[in-house]
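These are the residues of each chain, in order.
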Amino acid sequence: MAADPTTTSYLDSLNDVQRQAVTTTDGPVLVVAGPGSGKTRVLTFRIAHIIEQGTAPYEILALTFTNKAAREMKARIETVVGKRASYIWAGTFHSLFARILRVEAQHIGYPSNFTIYDTDDTKSLIGSIIREMNLDKQVYGANAIKNRISSAKSSLITPKLYEQNEELLAQDKLANMPLVYKIYAAYVGRCKQAGAMDFDDLLFRLYELLQNVPEVVEKYRKKFKYVLVDEFQDTNTLQYAIIKRLVQYPQSPRNICVVGDDAQSIYAFRGATIQNILDFENDFGTFGIKTFKLEQNYRSTENIVNTANAVISYNKRQIQKSIWSDKGVGDKIRIIKAVDDNEEGRRVADTILEQKNRYHLQNSDIAILYRTNSQSRIFEEYLRRFNILYRVYGGQSFYQRKEVKDLIAYLRMVVNPNDEEAFRRSINHPKRGIGGTSVAKVTTLARQEGLTLFEALKHVALPNRTRHAADGYIHVIEKAQAKVDSADAYEVADMIAKSSGLTDMLRSDKSIEGMARLENHEALLDGIKSFVEDDTVIDTDTLPDKSLATYLQNIALLTDADEGDATNTDVVTLMSVHAAKGLEYKSIFVVGLEEKLFPSWMSMDSLDGLDEERRLFYVAITRAELYLTLSYANTRYRYGKMVMNEPSRFLAEVPADAVENTTGGGRRSNDFEFDKVARQREHRARVTGVAPRNRRGTARFAAPKVDPATFQPSPTDEVEVGRTVMHLKFGEGKVLHVDGGTDNRIATIHFSELPQPEKRIMLKFAKLQVLD
DNA sequence: AGAGCGCGCCTTTTT
DNA sequence: GGCGCGCTCT
């Protein structure tokens, strides 16, 4: 196709290697991309280029590591190719595969309403199995077994293969857990029976599907003309096997592009292997593989890039490349030495204030990165005292909170009554007098008769009073089930919140924590409501699905980082180094640089472990554009005990000439004074109950821009091109365009108050008031 | 069956 | 230091 003006304009903004990586669309391509080298630009332009050349967007599969990365990518492609971008199959492995499995589940004996078990469900189910097998749970730790099962699945090892694998059996014997293979088999059976898949199953079951059902694999091979994989260094054996299944077959065009950086591989702990990059070169070597190395770093100053290079050179095994920058030497790296974790927190907050003043930085230019999520607390404390707004990513997500999971358990029961973990969670919560003994009876009957727990509950012999309670529970679930096809997710959820007694139970708890729980409970209902009312078009090739089942599958794959940034965007970011991958900030603080913390004590006994920690440190420092500050404390509290730590070995690997000269220890004379005042303030806050809790608040769901009381939705046939309309959430907007079928009209509306003003709105769900 | 108390474990990192 | 689990008593 001849280059039209738009085509050339985006290609012009790339350097030579980038442009080649973009325009070499056909055949296998490996892009090795250093930090800040424009990897995302290449990926997005490449997809845009493929579309410009005439491929339909829905024929492109783009696998990213996080939902956020996928969303960003789509938004950026949209600026080149327009609205068509929304049809691209871009998302995480887990979310896109769940979407396929929902359609194809029947081929592998699963309902399309399958439940997704999260980590808690998995652990709890493994716990039940251990108990039922009468094993000592001191010896058989649920966590260890979960990891064992997870890595088996990630390496394509079924229970059957596990049982035949001498090496794995020997390892288990050595760990005093010779029966892991039996637990694994039982676990897989129970998941299947419950109509549930854990995170690994979303990959593994899809792999099985592609392996065993020819018409399905045909269908998706035909559908996906181009496949792209971001962060390829973090894929595991199973993920790569799926990719190969899709693109590696006779007569395949092998239009596969993987982008990655071996130096940024930080997920070996969950089965990711750099081996995939090497294998990729072998697997596609005979099919004219093209390799491009992006080595110019456009993000960071020379000081930062040189430091990163120096640090990573301590790792022996790596793909040769030389990352360079021409952004000038830049500021020296600062190192904060603190006597304890408190001082570390205070001095980091102090430095943030100083940088904001000196360099005119916004809060949003700054991030604090730590090795473990538990380190966030102390920084939160001092940022709060200094009146610096912040947001913590990671840790417990909203949907992991107990009170939220309690209501979700009921919703899961409604959608999939076979869901064993949802049953256990909801059966006696709120308390209705069905305790351990009764549940044990139910479980026994279920095992004997091969029934699900919910079925068994209906038939099991129980004392009168308990029988009555059980019938009440069954009624709550079944009444909601009767409604689930005719009502939307919110109506069902609202009904069950009341009929289960959950709302009443939370209302009666007047303690501060109780009120926070009630708030979260209500926030969940609000969230479901906005899911139902959300009338923007996301995946236009499928009709919007407001069912409870869809809602549940959506939230199961949400992580904390995906949740709304809607309210206040000028905040300092706090997160783990892992969560920071792919992001960049003008100023970065890497904190807690101590032996046994960073590198983690868990990884210190192996060279591979240490290498991965070093790559993690490499990822951390390469997030910085202009300013990099490293900090450590000589002592800190861990499990309530004071521990002493040596400074991290990684600090010694930072070149001395890149570091700012700090003469004289750096203690300020008023440090102690400040401490005293601050402590008193903190104490007062605790006593009066104003102490900050619930760090993420409930504002996660965007507040309506319009007063709902005066808002009057107009009939949708009044929505026409050129009219000014009011939307409950997006405010005032102008209708640019209306399309779609008669029974599904879609309006394109420009909302001037939004950062991305153009929205596509489905009129059949729309809440719009026509103003003139 | 449920409330209350003490013990022990936890902390890597995430979809 | 805090949470979850199990034991014991009612």
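Computed from a predicted structure; not experimentally measured.

The next thing to look at is the overall build of chain A. Scanning chain A from N- to C-terminus turns up 29 helices and 20 strands. Counting all 772 residues of chain A, 53% fall into the buried class. Taking the contacts inside chain A whose residues are at least 6 apart along the sequence as the reference set, 75% of them involve residues at least 24 apart. Accessible surface for chain A amounts to roughly 34700 Å². Of this, 51% is attributable to carbon and sulfur atoms.

The topology assignment puts arginine 205 in helix H11 (residues 199–212). For arginine 205, a relative accessible area of 8% corresponds to the buried category. Polar side-chain contacts of arginine 205 include one of 3.1 Å to the side chain of glutamate 208. Beyond its immediate sequence surroundings of up to four residues, arginine 205 is in contact with Leu101, Ile108, Tyr110, Val188, Lys192 and Met197.

Let's shift gears to the packing of helix H18 (residues 402–415) against helix H26 (residues 548–556). In the contact formed by H18 and H26, the axes pass within 10 Å of each other and the chain directions differ by 130°. When the interaxial angle is binned, H18 and H26 end up oblique. The way H18 lies across H26 gives a crossing that is left-handed. Residue-level contacts link Ile408, Leu411, Arg412, Val414 and Val415 of H18 to Leu548, Ala549, Leu552 and Ile555 of H26. Of the residues assigned to the contact of H18 with H26, the class counts are eight nonpolar, no polar and one charged.

Taken together, 30 residues surround DNA strand B, and among them Arg270, Arg371, Thr437, Thr559 and Met602 come closest. Of what DNA strand B places within 4 Å of the protein, 56% of the atoms are sugar or phosphate. Within the side chain of arginine 371, one N or O atom sits 2.2 Å away from a base oxygen of DNA strand B. For DNA strand B, a base oxygen lies 3.4 Å from a polar atom in the side chain of histidine 578. With three residues, the top contributor of residues to the surface near DNA strand B is helix H20 (residues 436–449). Class assignment of the residues belonging to the surface near DNA strand B gives a composition of seven nonpolar, 19 polar and four charged.

Right, let's get into the packing of aromatic side chains. One pass over the structure, following the stated rule, counts 18 aromatic pairs. Between the aromatic rings of phenylalanine 65 and tyrosine 267, the centroid separation amounts to 4.9 Å while the plane-to-plane angle is 40°, which identifies the pairing as tilted. Here phenylalanine 65, found in the loop between strand E2 (60–64) and helix H4 (67–81), pairs with tyrosine 267, found in the loop between strand E7 (256–260) and helix H14 (275–283); they are 202 residues apart in sequence, far enough to count as distant. Judged by centre distance (6.0 Å) and plane angle (90°), the ring pair of phenylalanine 598 and phenylalanine 650 falls under edge-to-face. Of this pair, phenylalanine 598 sits in the loop between strand E13 (585–590) and helix H27 (607–621) while phenylalanine 650 sits in helix H28 (residues 649–652), placing them 52 residues apart in sequence. Of the residues examined, phenylalanine 598 reaches a relative accessible area of 0% and is grouped as buried. Grouping aromatic residues by their ring pairs yields a cluster made of Phe232, Tyr240, Phe280 and Phe284. Its guanidinium or amino end placed over the ring of phenylalanine 287, arginine 254 lies 3.5 Å from that ring's centre, counting from NZ or CZ. A cation over an aromatic ring shows up here: arginine 391 above the ring of tyrosine 393, its NZ or CZ 4.2 Å from the ring centre.

Attention now goes to the sheet that holds strand E17 (residues 731–739). What holds strands together in a sheet is hydrogen bonding between their backbones, with the strands either parallel or antiparallel. The strand order across the open sheet formed by five strands is E19-E18-E17-E16-E20, and the pairing between neighbours is antiparallel. In this open sheet, the two strands that pair with only one neighbour each are strand E19 (758–762) and strand E20 (768–770). Taken over all neighbouring pairs, the strand axes of this sheet differ in orientation by 40° on average, direction set aside. For strand E16 (residues 724–727) and E17, the ladder comprises four bridges, and the chain directions are antiparallel. The residue of E17 that forms the bridge with threonine 724 is lysine 734.

The six strands are arranged E3-E2-E6-E7-E1-E8 in an open sheet whose pairing can be described as parallel. What marks the edges here is a single partner per strand, and that holds for strand E3 (89–92) and strand E8 (290–294). Adjacent strand axes in the sheet meet at a mean angle of 15°, parallel and antiparallel pairs treated alike. Pairing of strand E6 (residues 226–229) with E7 involves three bridges; the strand directions are parallel.

Ranked by internal contacts, the top residues of the largest apolar core, which has 69 residues, are Ile145, Val229, Ile242, Ile243 and Ile256. Here isoleucine 256 is in contact with Gly27, Pro28, Val29, Val227, Val229, Ile243, Val247, Phe280 and Phe284, once residues within four sequence places are set aside. Within the second largest apolar cluster, 51 residues are counted, among which are Ala480, Ala497, Ala549 and Tyr551.

This part covers the pattern of salt bridges. Applying the stated criterion across every chain, the model contains 46 salt bridges. A salt bridge links lysine 83 to glutamate 78; the shortest N-O distance between them is 3.0 Å. Judged by its relative accessible area of 28%, glutamate 78 is partly exposed. A salt bridge links lysine 498 to aspartate 494; its shortest N-O distance comes to 3.0 Å. Residue lysine 498 and its partner aspartate 494 are both found in helix H23 (residues 489–499); the two are separated by four residues, about one turn of the helix. A relative accessible area of 22% places aspartate 494 in the partly exposed class. Overlapping salt bridges bring together Lys39, Asp230, Glu231, Asp234 and Lys581 as one network.

Helix length check: H18 (14 residues) gives 20 Å between terminal C-alpha atoms against 20 Å at 1.5 Å per residue, within 8%. Counting buried positions over the 14 residues of H18 gives 13, a clear majority of the element.

The subject of this paragraph is H4. For H4, built from 15 residues, the straight-helix expectation of 21 Å at 1.5 Å per residue is met to within 8% by its first-to-last C-alpha distance of 21 Å. Those residues of H4 that fall on the buried side of the exposure criterion are Asn67, Ala70, Met73, Lys74, Ile77 and Val81. Burial along H4 is one-sided: seen end-on, the buried residues are contained in an arc of 120°. Next to the buried residues of H4 lie helix H3 (39–52), E2, E3 and helix H5 (93–104). Just downstream of H4, glycine 82 is the residue with a positive phi angle, here 80°.

The rules we used
Residues numbered from 1 in each chain as written. Chains lettered and ligands numbered in written order. Predicted model: local features only at pLDDT ≥ 70, side-chain atom pairs only at ≥ 80, totals over all residues. Heavy atoms only, no water. Helix = DSSP H or I, 4+ residues; strand = E, 2+ residues; numbered from the N terminus. Buried < 20%, exposed > 50% of the residue type's maximum accessible area, 1.4 Å probe, protein only. Contact = heavy atoms within 4.5 Å. Areas by Shrake-Rupley, 256 points an atom, 1.4 Å probe, with all protein chains shown as cover. Polar contact = N/O pair within 3.5 Å; in protein donor to acceptor, adjacent residues only side chain to side chain. Axes fitted to C-alpha atoms, helices over the stretch in contact; angles between N-to-C directions. Parallel < 35°, antiparallel > 145°, perpendicular 65-115°, else oblique. Left-handed = near helix turned anticlockwise from the far one by under 90°. Nonpolar A, V, L, I, M, F, W, Y, C, P; charged D, E, K, R; others polar. Near = heavy atom within 4 Å. Phe/Tyr/Trp six-rings, centres within 6.5 Å; stacked < 30°, edge-to-face > 60°. Lys NZ or Arg CZ within 6 Å of the ring centre and 35° of its normal. Pairing = 2+ DSSP bridges. Core = buried A, V, L, I, M, F, W, Y, C linked by side-chain atoms within 4.5 Å. Salt bridge = Lys/Arg side-chain N within 4 Å of Asp/Glu carboxyl O. Expected span 1.5 Å × (residues − 1). Arc of directions from axis to C-beta.

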